[in-house]
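Spelled out from the first residue to the last, the chains are:
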There are 4 protein chains.
Amino acid sequence: MQKHADKFILLTGFEPWNGEKYNPTMDVVEELAGSVLSGCKVLGYVLPVSYRRVKDTLPALILEKKPLVALHLGLAPGSPVISVEKVALNIMATGPDSDGYKPSGEPIYSDGPVAYFSTIPVDMIVESLRRNGIPARKSFFAGTFLCNYALYISLHTVEMYGLETLVGFMHIPYTPKQATEKASPTPSMCLHLMVEAVKIALETALRYVGENSNQVKK
Amino acid sequence: MQKHADKFILLTGFEPWNGEKYNPTMDVVEELAGSVLSGCKVLGYVLPVSYRRVKDTLPALILEKKPLVALHLGLAPGSPVISVEKVALNIMATGPDSDGYKPSGEPIYSDGPVAYFSTIPVDMIVESLRRNGIPARKSFFAGTFLCNYALYISLHTVEMYGLETLVGFMHIPYTPKQATEKASPTPSMCLHLMVEAVKIALETALRYVGENSNQVKK
Amino acid sequence: MQKHADKFILLTGFEPWNGEKYNPTMDVVEELAGSVLSGCKVLGYVLPVSYRRVKDTLPALILEKKPLVALHLGLAPGSPVISVEKVALNIMATGPDSDGYKPSGEPIYSDGPVAYFSTIPVDMIVESLRRNGIPARKSFFAGTFLCNYALYISLHTVEMYGLETLVGFMHIPYTPKQATEKASPTPSMCLHLMVEAVKIALETALRYVGENSNQVKK
Amino acid sequence: MQKHADKFILLTGFEPWNGEKYNPTMDVVEELAGSVLSGCKVLGYVLPVSYRRVKDTLPALILEKKPLVALHLGLAPGSPVISVEKVALNIMATGPDSDGYKPSGEPIYSDGPVAYFSTIPVDMIVESLRRNGIPARKSFFAGTFLCNYALYISLHTVEMYGLETLVGFMHIPYTPKQATEKASPTPSMCLHLMVEAVKIALETALRYVGENSNQVKK
């Protein structure tokens, strides 16, 4: 059954930052980019860790591709599980970014609301992941850096332009190899498990889209 | 090059305890039992979580098999990495065990020393694991329950009977599936990585045996 | 210099819940209730851990007293420092409360925004606390239980009725005595330090009120 | 009732190290030095964080003063509670110390046993502390730096010279002020609580000495 022919999924990762040489979200995106999930083609992008450049490119990307689902990935150093984010805050309070910009708590969009809830089915995704043996939790705080920023910008774009795109964010742990380079014992997760997790999340979101559009049609 | 023909490795895991339904050390032992590493056959055993029954069987097992290496495995709930243990203390202070026995700080052997250092090359093993991308650390405290107990008993047996067996202990994390059953986010490690870690540890220990016997011969 | 004659501060704590016999916020409130800070009288209240009863009483209390500052206190089990909260989310997702009510993610007010930022000067307060030797941090997530709930309700009430009340929330750690009753080692803070912290926070907020009204007047 | 006239307690702290400007053990020692507990005079010393200089002075100090109790204090960065140490290991594996010496796992005394158990009544002390509202735990690992080193040296000296001195070690947390200087939220304990804890520990140890000498006399 082909559900969403000629429909897209937008999947983004981030470049390494803060002295890290590696960001596992790049490998997850590369692994899934070009594949087809439930009839939807995965478009993969790697975002720079730059406030300015993400704002310059991400809204345009969403408006151009009008994806069914936009799922952003970020690295959560030290986290033991996958975190599916529920909240995006209208604040920039961490830095400096790769361009050397250091915000001090200003809003992302001065006319935007204090926060958005992400629109992917967070509870269903966390439940699916755990049922498939992948440690995951719902999170209500995506930080005040580029991860929260990308999530807020996508949600705001979708809201401003009345798109139907479901938007979400998943924080993933270090890979085991990456964890070996840290001074103190730190949690990690195998890359193949993180790829599997993203696939499950996307399929769960698409199934949710399908069920909701059916309901609307009836 | 066949190094240790007709020589054995003793590899032990533990049964589940404390309400857990699963202990990943059983799967690691099952995976490696019967295999041949550097010419040594791996003899696998699963120990009961019982002070009495481990004391009744473990010394006899070591005396009968006279393994080149005796490596014991245990589960460390909540640990983010593999811990290669350096110290065994002459104390029993955690319980109750599977037989309902609850010690209160008494010595394992009333005539034994306060502690033994494990005799596998702990630093070399930790370094090998990390070089192979597996998060690991050296630990100086193996608890006061059955894990410390098995390590102490093996070291004491080898000391008492003048055997050449190298003795060690590795604590492994939860598996990802097991971690999904915990109430709060908890670290885990894929089973295939833990199996790989135990193989690397055994091969490193055997190489160390080989190098040391060569030195002795010269 | 008498700054705010006949003006009030509203300070609330919570009753114990979840099997705890004690909630240190009650002692902090009792300690400060009736005192006068920068010319403002502290009105102390202890809230029930009940979604229904807090909604029934807290808005009326704020409308009646029209305090200059409404500062709510809650216990954060396991936290090592004082957390000054920046965000209140329009969600109820933790339970059951003292009345046995267990929400499942529904909004606090169905017509309320996704979130409010608290209106006390969070950064200034955190800085004042640390400068005075009291460990503190800014937090962007106050949970999804009664603490977040009280903060959201106060902010929403102030917004709906156009009050000038500054609203905030501080999470405090266990007391040392309380920490001794926990099964595993857990952080704590002396009660006198928490009382001092709340005084500093209130005085900082009142100074901020004073400075801002002066600016407005000019 | 004067129990131990002309008898001494040896209480030691450490100088700051590793970039810290402050070590709270110095203040605890200063607070109690010169005081009389259960008829015993407290002799206070601050040890340098130097392998060489501690070995040069600590054994001589114990042999000269022949204290009833020798209690060493150390700072445990990040610890949420007081840790009463049970084990001293014959190993030096952390550095560099204040003299720039960096050991690599060598024994403290090449002819010493692998470990000593401390001889103060650890369980009684932990119980007394908790009963008095001070968070505390028994610990089986005092690190591989100067803390473990001082404990081992004192125990070895007492053993070698057949003294009756009870020897122990307590790790204390950061003070609140000190914790405010750390980059991330970190546990702390008020100095007055740590002073109280050390008094309780010493009195408990002296009571234990008294009870045991009575038993011996009978």
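A brief structural summary. Everything numeric here is computed off the predicted structure, so don't read it as measured data.

So, on to the interface of chain A and chain B. With 19 residues of chain A in contact, the opposing surface of chain B contributes 19 residues. Where chain A abuts chain B, roughly 1400 Å² becomes buried across the two surfaces, and 68% of that area is made up of carbon and sulfur atoms. Taken as a group, Arg130, Thr180 and Pro185 of chain A account for 32% of the area that chain A buries against chain B, more than any other trio of residues on that side. If you look at where chain A meets chain B, you find zero salt bridges. Joining chain A to chain B, the criterion identifies six residue pairs in polar contact (both at pLDDT 80 or more). Of all the elements in the fold, those that place two or more residues in the side of chain A that touches chain B are helix H5 (176–179) and helix H6 (191–217) of chain A. If one sorts the elements of the side of chain A that touches chain B by residue count, H5 of chain A sits on top with three residues. Counted by class, the side of chain A that touches chain B contains 10 nonpolar, five polar and four charged residues.

Any two aromatic rings considered together are summarised by their centre-to-centre distance and by the angle between their planes. Going through the model one piece at a time under the given rule, you end up with 28 aromatic pairs over all chains. Ring geometry for Phe140 of chain B against Phe141 of chain D: centres 5.2 Å apart, planes inclined by 10 degrees, an arrangement best described as stacked. Here Phe140 of chain B is found in the loop between strand E8 (136–139) and helix H4 (146–160), whereas its partner Phe141 of chain D is found in the loop between strand E8 (136–139) and helix H4 (146–160) on a different chain. For Phe140 of chain B, a relative accessible area of 10% gives the class buried. For Phe141 of chain D, a relative accessible area of 29% translates into the label partly exposed.

Moving on: H4 of chain D. Look at H4 of chain D: 20 Å from first C-alpha to last across 15 residues, which is about the 21 Å you get at 1.5 Å a residue. Burial analysis of H4 of chain D places 13 of its 15 residues in the buried class, the great majority of the element.

Before going further, it helps to spend a moment on the relation of the copies chain D and chain B. Superposing chain D onto chain B takes a rotation of 180 degrees combined with a translation of 0.0 Å along the rotation axis, leaving an RMSD of 0.0 Å. Those values place the two copies in the arrangement expected of a two-fold rotation axis. For chain D, the residue whose C-alpha comes nearest the rotation axis is Ala115 of chain D, separated from it by 2.8 Å. Residue by residue, 100% of the interface of chain D is reproduced at the interface of chain B, so both copies engage with the same surface.

The next point concerns the sheet that holds strand E8 (residues 136–139) of chain A. All names here are of chain A. Pairing in this open sheet of seven strands is mixed, and the strands run E2-E3-E1-E4-E9-E5-E8 from one edge to the other. One side of each edge strand has no neighbouring strand; the edge strands of this open sheet are strand E2 (36–37) and E8. Relative to the sheet, helix H1 (residues 24–32) contacts strand E1 (7–14), strand E3 (40–47), strand E4 (69–75) and strand E9 (166–172), its axis offset from that of E1 by approximately 155 degrees. Running over the sheet, helix H4 (residues 146–160) touches E1, E3, E4, strand E5 (82–85) and E9 and is turned about 170 degrees from E9.

Looking now at the pattern of salt bridges. Under the defined criterion, the tally for this structure stands at 28 salt bridges over all chains. One salt bridge in this structure joins Lys182 of chain A and Glu20 of chain A, with 3.0 Å as the shortest N-O distance. On the criterion of sequence distance, the pair formed by Lys182 of chain A in the loop between H5 and H6 and Glu20 of chain A in the loop between E1 and H1 is long-range, its members being 162 residues apart. In this structure, Asp123 of chain B and Lys138 of chain B form a salt bridge, with 2.8 Å as the shortest nitrogen-oxygen distance. Within this pair, whereas Asp123 of chain B is found in helix H3 (residues 122–131), its partner Lys138 of chain B is found in strand E8, the two being separated by 15 residues in sequence.

In the superposition of chain A on chain B (RMSD 0.0 Å, axial shift 0.0 Å), the rotation amounts to 180 degrees. Looking at chain A, 100% of its interface residues are interface residues in chain B too, so the copies touch through the same face.

Quick look at the packing of helix H2 (residues 51–65) of chain D against H4 of chain D now. To describe two helices that pack against each other, one gives the angle between their axes and the distance between the axes. Residue and element names in this part refer to chain D. Two elements in contact, H2 and H4, have axes separated by 10 Å at closest approach and are oriented at 35 degrees. Crossing handedness for the pair H2 and H4: right-handed. Of H4, the residues touching H2 (which contributes Tyr51, Arg52, Val54, Lys55, Leu58, Pro59, Ile62 and Leu63) are Leu146, Tyr149, Ala150, Ile153, Ser154, Thr157 and Val158.

Contact with chain D, which involves 12 residues of that partner, is made by 12 residues of chain B. For the pair chain D and chain B, the summed buried surface comes to about 1100 Å²; carbon and sulfur atoms form 87% of the total. Counting the surface chain D buries against chain B, the share from its top three residues, Val114, Phe117 and Phe140 of chain D, is 49%. The element best represented in the side of chain D that touches chain B is strand E7 (residues 115–117) of chain D, accounting for three residues. Classifying every residue of the side of chain D that touches chain B by side-chain character gives nine nonpolar, two polar and one charged.

Right, let's get into the side chain of Thr12 of chain A. Residue and element names in this part refer to chain A. Tracing the chain through its elements places Thr12 in strand E1. According to the relative accessible area criterion, Thr12 is buried, its value standing at 0%. Apart from residues lying up to four places away in sequence, Thr12 is in contact with Val29, Tyr45, Leu47, Leu71, His72 and Leu73.

Our focus in this paragraph is the pairing of strand E9 (residues 166–172) of chain B. All names here are of chain B. Across the seven residues that make up E9, a large majority, seven, are buried. On E9, burial covers both faces: Leu166, Gly168, Met170 and Ile172 on one face and Val167, Phe169 and His171 on the other are all buried. In this sheet, E9 lies alongside strand E4 (residues 69–75) in parallel orientation, the contact comprising seven bridges. Opposite Leu75, over in E9, you have Ile172 as the bridge partner. As paired elements, strand E5 (residues 82–85) and E9 share two bridges and run antiparallel to each other. Along E9, the bridge assignment pairs Val84 with Met170.

Turning our attention to H1 of chain A. Residue and element names in this part refer to chain A. Taken residue by residue, H1 has Pro24, Thr25, Val28, Val29 and Leu32 as its buried positions. Buried residues in H1, looked at end-on, bunch into an arc of 140 degrees, giving them a common side. The outward face of H1, more than 90 degrees from its buried face, is lined by the exposed residues Glu30 and Glu31. Where H1 ends, the next residue or the one after it, Gly34, has phi of about 90 degrees, a positive value.

All names here are of chain C. For strand E1 (residues 7–14), the tally of buried residues reaches six of eight residues, placing the bulk of the element in the interior. Summarising the sheet, E1 and strand E3 (residues 40–47) pair through eight bridges and their orientation is parallel. Bridging from a neighbouring strand, Phe14 pairs with Leu47 of E3. Two strands pair when backbone bridges link them, and E1 and strand E4 (residues 69–75) are joined in this way by four bridges, in the parallel orientation. Following the sheet pairing, Thr12 is matched in E4 by His72.

Our next topic: the sheet that holds strand E1 (residues 7–14) of chain D. For sheets, the rule is that strands pair by backbone hydrogen bonds, running either parallel or antiparallel. All names here are of chain D. Taken together, the seven strands give an open sheet; going across it, the order is E2-E3-E1-E4-E9-E5-E8, and neighbouring strands pair in mixed fashion. Single-partner strands in this sheet number two, and they are strand E2 (36–37) and E8. Each of E1, strand E3 (40–47), strand E4 (69–75) and strand E9 (166–172) is contacted by helix H1 (residues 24–32), which is oriented at about 155 degrees to E1, the strand it contacts most. Of the strands in this sheet, strand E5 (82–85), E8 and E9 touch helix H3 (residues 122–131), which is tilted by about 165 degrees from E8.

So, about unusual backbone geometry. A cis amide bond, omega 0 degrees, links Gly95 of chain B with the succeeding residue Pro96 of chain B. Its place among the elements puts Pro96 of chain B in the loop between strand E6 (87–89) and strand E7 (115–117). One non-glycine residue, Lys66 of chain A, lies in positive phi territory at about 40 degrees. With respect to the element layout, Lys66 of chain A can be found in the loop between helix H2 (51–65) and E4.

Reading the values: the criteria
Residue numbers restart at each chain and count upward from 1, following the sequence in its written direction. Both sets of labels track the order of writing: A upward for chains, 1 upward for ligands. It should be noted that, the model being predicted, local features are given only for residues of pLDDT at least 70 and side-chain atom pairs only at 80 or more, the latter also being counted only at that level, while totals for whole chains, interfaces and linings use all residues. As a convention, hydrogens and water are excluded, and side-chain values are obtained from all of the structure's heavy atoms. Throughout, a contact is declared for two residues whenever any of their heavy atoms are within 4.5 Å. For any pair of parts, buried area is found by adding up, for both, the accessible area (1.4 Å probe) each one loses once the two are put together. Any Lys or Arg side-chain nitrogen found within 4 Å of a carboxyl oxygen on Asp or Glu counts as a salt bridge. Within 3.5 Å is the distance limit for a polar contact, defined as a pair of N or O atoms, with the added protein rule that one can donate a hydrogen and the other accept it, and that residues adjacent in sequence qualify only through two side-chain atoms. Secondary structure is summarised from DSSP: a helix means a run of H or I of at least four residues, a strand means a run of E of at least two, and numbering begins at the N terminus for each. Residue type decides the class: Asp, Glu, Lys and Arg count as charged, Ala, Val, Leu, Ile, Met, Phe, Trp, Tyr, Cys and Pro as nonpolar, and the leftover types, Gly among them, as polar. Centre distance within 6.5 Å is the pairing criterion for rings of Phe, Tyr and Trp, where only the six-membered ring of Trp is used; planes under 30 degrees apart are then read as stacked, over 60 as edge-to-face, and the remainder as tilted. Classification of residues uses two cut-offs on accessible area relative to the type maximum, computed with a 1.4 Å probe and protein chains only: under 20% is buried, over 50% is exposed, and between them is partly exposed. Here, expected helix span is obtained from the residue count minus one, scaled by 1.5 Å. What sets the superposition is a least-squares fit of C-alpha atoms, and only residues with pLDDT of at least 70 in both copies go into it. Any two strands with at least two DSSP bridges between them are considered paired. For helices, the fitted axis covers only the stretch in contact; all axes are lines through C-alpha atoms, and the angles between them, taken along N-to-C directions, range from 0 to 180 degrees. Take the far helix as your reference; a near helix turned counterclockwise from it by less than a right angle gives a left-handed crossing, and one turned clockwise gives a right-handed crossing. Along the arc lie the directions from the helix axis toward the C-beta atoms.

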